[in-house]
Amino acid sequence: MTDTKENIKSFLPDFCNSRTVFVLILVAELLAIILTLAPLSYNPINFTNLAMNSLFIQWVTLACIGVLCAFRKQFYMYNDHWVATISYGITILVTFVLAELTWWLVTMSSIDFNVPQYEHYIFLLQYEHYLFLLRVMGISAITWALALRYFYIQHQYRQQIESESEARYQVLQARIKPHFLFNCLNTIASLIRRQPEMAEQAIEDLADLFRASLQDNRDSHTLEDELTICKRYLRIEQHRLGKRLQLDWQIPTLPVNIKLPALSLQPLLENAIYHGIEQLGEGGTVLFSCVVEEDHLLITIKNPVPERDNNTHHGNRLAQDNVRQRLESFFNKDNLLSVYLTDHNYTVSVIVPSPKA
Amino acid sequence: MKILVVDDEQLARERVIDMLAKIDNQITVVEADNGRSALEIANNDQPDTVLIDIRMPVMDGLECAFHLAAMPTPPSVIFITAYEKHAVKAFETNAIDYLLKPVREERLTKAIEKAAIINRANLAALQKLRQGKANRSYLSVVSQGKIQLIPVEEIRYFKADQKYVTVYWENGETLIDESLKGLEDEFVETFIRIHRNALVSIAHIVSLEKNRDGGYYIIMKDNQEKLSVSRRLAVEAKQRMKKFSL
């Protein structure tokens, strides 16, 4: 959770993360292969070259990763331009130092001081030295520039997705169905005359429901809160539907402190009533059950549906998909919501992962 | 004056009834909790005006109004809705009166004063706007001044005979005043045309057989009736039946 948030702040990936390191090593190896394949000559592919290229490139890459990892904390203080400049500078510098080092290591071990025309030899060596540095720095500058650009674009993309889903989250969370709202107000208007106390309670319940839908603090909503919201919602519907709405509420004592997004179960109940109970002349029973498993809770909502009705599910899906999306992004897991439709029943199951003990 | 109040929610009915009593104590009120029971009550009580909710189980308000309009002396109809965007738009374009929940007393008073009979053509236009289910779940015929309903799922087939269409359904045969073409369009998903003069419910077909001279015929459930299929429509009928059984 905290990791992803940190990543969002800076466009650079977390260089201390083993995944990032692995990917970078892989990319570095690809670069080594490209460089080995690049010379267009009749010579067969030279595996010694590949080994040398790999060794050098991996050395540079790992060193850069190490330095960038060490400087990671500092990056969060600057804006993207500075981070880009500094990290680019660091990588170039590291590459330069390592290239120099490599050169001296290689040449020192193989210099022959007894050659004739020693001066000419040294001149050639010097020439080769500069050429080597130039090549290494050129390749490194281009590659690091591409890498930084890639990180930047990926970061932008991720940020865009994040903000889009954030916007959708808010829009859909605020969406208490107008159909429900107006019917509820109508019910209250009717209750005021005949049962003022019931009307008062209905208004309180409605207020709680709205408060939950406006709640911004995502991390502090617990399963208990959600169950309370569900009960209040059902109490309002009970006024409207009377005997047509029967409830089978099977909730055992639940582990406390299970967190989940606000309004992740209530919309499913709303679907059960809107598409199920309300459509049936005689009404029916909504089953709301919760089973505690080893590492998760299984919540099931089951309702009867009209038999010949094959096309009500567009409306269903919108709220359902929204719940699914929010659950999955909250718990960072897939397949948390599943639906079963039989001839007469519609069942939605939700898996709520429980925190590790 | 007699007013029929139709809503599936008791509290919603009560509120309107209370208001009606306040508006005019000469008003007699009858109530129903869905479109189908509303038609039964309309048959017996012959109300002058029907106040009807749109979204209801069994039969919704729009379909009920359509059948009401077929009565020999149809009542005027006022729709009441909580929130049906499409319907409200359609009411406005067709100049049909409607009230929004929670209903205001002065609006209700006005609506009752100028309540008008809605013609069936207007209502047919509204039918099409019903999301998802554009077709009726019942056909209605008027006999001896009363509406009789034929559930569409009980219909085996329609047969056209010069001027009239006969419905063959579980309770016998009934003449209706509708065109085979119109019925075919409306129930395109559940019925197939097998002949110039016959429209058959796919759910009631047992099989498609070939007779000795190469023509096709259909065997129906229950009474093992045989209906001949025109050569031109046989291929399509076969395909539709296959699709349906999947």
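Above this note sits the structure.
Since this is a predicted model, take the numbers as computed values, not measurements.

Peer 1: Please clarify how the sheet that holds strand 9 (residues 164-169) of chain B should be interpreted in this entry.
Peer 2: Each strand in a sheet pairs with another by means of backbone hydrogen bonds, the pair being arranged parallel or else antiparallel. All names here are of chain B. Taken together, the five strands give an open sheet; going across it, the order is 10-9-8-12-11, and neighbouring strands pair in antiparallel fashion. The sheet is open, and its two borders are formed by strand 10 (172-176) and strand 11 (191-195), each paired with just one other strand. Looking at each pair of strands side by side, their axes are set apart by 20° on average, direction ignored. Sheet topology places strand 9 next to strand 10; five bridges connect them, and they run antiparallel. By the bridge assignment, Tyr 168 is partnered in strand 10 with Glu 173.

Peer 1: Which parts of the structure should I look at to understand helix 6 (residues 178-194) of chain A?
Peer 2: In this model, helix 6 of chain A (17 residues) spans 25 Å end to end at C-alpha, consistent with the 24 Å of a helix rising 1.5 Å per residue. Buried within helix 6 of chain A we find A:His179, A:Phe180, A:Asn183, A:Cys184, A:Asn186, A:Thr187, A:Ile188, A:Ala189, A:Ser190 and A:Leu191. Contacts made by the buried residues of helix 6 of chain A are with helix 7 (196-214), helix 8 (223-241) and helix 9 (266-276) of chain A together with helix 1 (10-23) of chain B.

Peer 1: Looking at this structure, I do not really get the pairing of strand 1 (residues 2-6) of chain B. What am I missing?
Peer 2: If a strand is regular, its side chains alternate between the two faces of the sheet. All names here are of chain B. Of all five residues that make up strand 1, four are buried, and the element is covered over most of its length. Relative to strand 2 (residues 28-32), strand 1 runs parallel, the two sharing five bridges. Within strand 2, the position partnered with Lys 2 by the bridge is Thr 28. This β-α-β element, strand 1 to helix 1 to strand 2, shows right-handed connectivity. In terms of strand pairing, strand 1 meets strand 3 (residues 49-53) through four bridges, oriented parallel. Note that in strand 3 the partner of Ile 3 across the bridge is Thr 49.

Peer 1: Whenever I open this one, the environment of A:Arg158 confuses me. Can you help?
Peer 2: Mapped onto the elements, A:Arg158 comes out in helix 5 (residues 118-173). Along the sequence, A:Arg158 and A:Phe11 sit 147 residues apart, while their C-alpha atoms lie 9.9 Å from each other.

Peer 1: What am I meant to see in the packing of aromatic side chains here?
Peer 2: When we look at a pair of aromatic rings, we describe it by the centre distance and by the angle of the planes. This structure, assessed with the given rule, holds eleven aromatic pairs over all chains. Relative to A:Phe132, the ring of A:Phe56 has its centre 6.2 Å away and its plane inclined at 55°; by these criteria the two rings are tilted. Here A:Phe56, found in helix 3 (residues 47-75), pairs with A:Phe132, found in helix 5; they are 76 residues apart in sequence, far enough to count as distant. Measuring from ring centre to ring centre gives 5.9 Å for B:Phe187 and B:Phe191, while their planes differ by 55°; the resulting arrangement is tilted. In terms of burial, B:Phe187 and B:Phe191 fall into one category: buried. Among the aromatic side chains, those forming a connected cluster through ring pairs are A:Phe15, A:Tyr150 and A:Phe151. Across the ring face of A:Tyr274, the terminal group of B:Arg55 is positioned such that the distance to the ring centre comes to 3.6 Å.

Peer 1: When you look at the packing of helix 1 of chain B against helix 5 (residues 105-113) of chain B in this model, what are you seeing that I'm missing?
Peer 2: Packed helices, taken two at a time, are described by their axes: the angle between them and the distance between them. Residue and element names in this part refer to chain B. At a closest axis distance of 10 Å, the pairing of helix 1 and helix 5 adopts a crossing angle of 70°. Judged on the interaxial angle alone, helix 5 and helix 1 are roughly perpendicular. In terms of crossing hand, the pair formed by helix 1 and helix 5 is right-handed. Only Glu 105, Leu 108, Thr 109 and Ile 112 of helix 5 make contact with helix 1, whose side of the interface consists of Val 16, Met 19, Leu 20, Lys 22 and Ile 23. Split into classes, the residues belonging to the contact of helix 1 with helix 5 amount to six nonpolar, one polar and two charged.

Peer 1: I tried to follow the interface of chain A and chain B on my own but got confused; where do I start?
Peer 2: Frequently, the measure chosen for interface size is the accessible area removed from exposure when the parts meet. Across the contact, 23 residues belong to chain A and 22 residues belong to chain B. Buried area between chain A and chain B, both sides added, is near 2,200 Å², and the carbon and sulfur share of it is 46%. Counting every contact that joins chain A to chain B gives five salt bridges. In this structure, the salt-bridge partner of A:Glu278 is B:Arg55, at a minimum N-O distance of 3.0 Å. The tally of links between chain A and chain B comes to eight residue pairs in polar contact (both at pLDDT 80 or more). At the level of secondary structure, the elements contributing two or more residues to the side of chain A that touches chain B comprise helix 6 and helix 8 of chain A.

About the cut-offs
Residues numbered from 1 in each chain as written. Chains lettered and ligands numbered in written order. Predicted model: local features only at pLDDT ≥ 70, side-chain atom pairs only at ≥ 80, totals over all residues. Heavy atoms only, no water. Pairing = 2+ DSSP bridges. Helix = DSSP H or I, 4+ residues; strand = E, 2+ residues; numbered from the N terminus. Axes fitted to C-alpha atoms, helices over the stretch in contact; angles between N-to-C directions. Expected span 1.5 Å × (residues − 1). Buried < 20%, exposed > 50% of the residue type's maximum accessible area, 1.4 Å probe, protein only. Contact = heavy atoms within 4.5 Å. Right-handed = clockwise from strand over helix to strand, strands pointing away. Phe/Tyr/Trp six-rings, centres within 6.5 Å; stacked < 30°, edge-to-face > 60°. Lys NZ or Arg CZ within 6 Å of the ring centre and 35° of its normal. Parallel < 35°, antiparallel > 145°, perpendicular 65-115°, else oblique. Left-handed = near helix turned anticlockwise from the far one by under 90°. Nonpolar A, V, L, I, M, F, W, Y, C, P; charged D, E, K, R; others polar. Buried area = accessible area lost by both parts, 1.4 Å probe. Salt bridge = Lys/Arg side-chain N within 4 Å of Asp/Glu carboxyl O. Polar contact = N/O pair within 3.5 Å; in protein donor to acceptor, adjacent residues only side chain to side chain.

Just distances and angles here, no functional claims.
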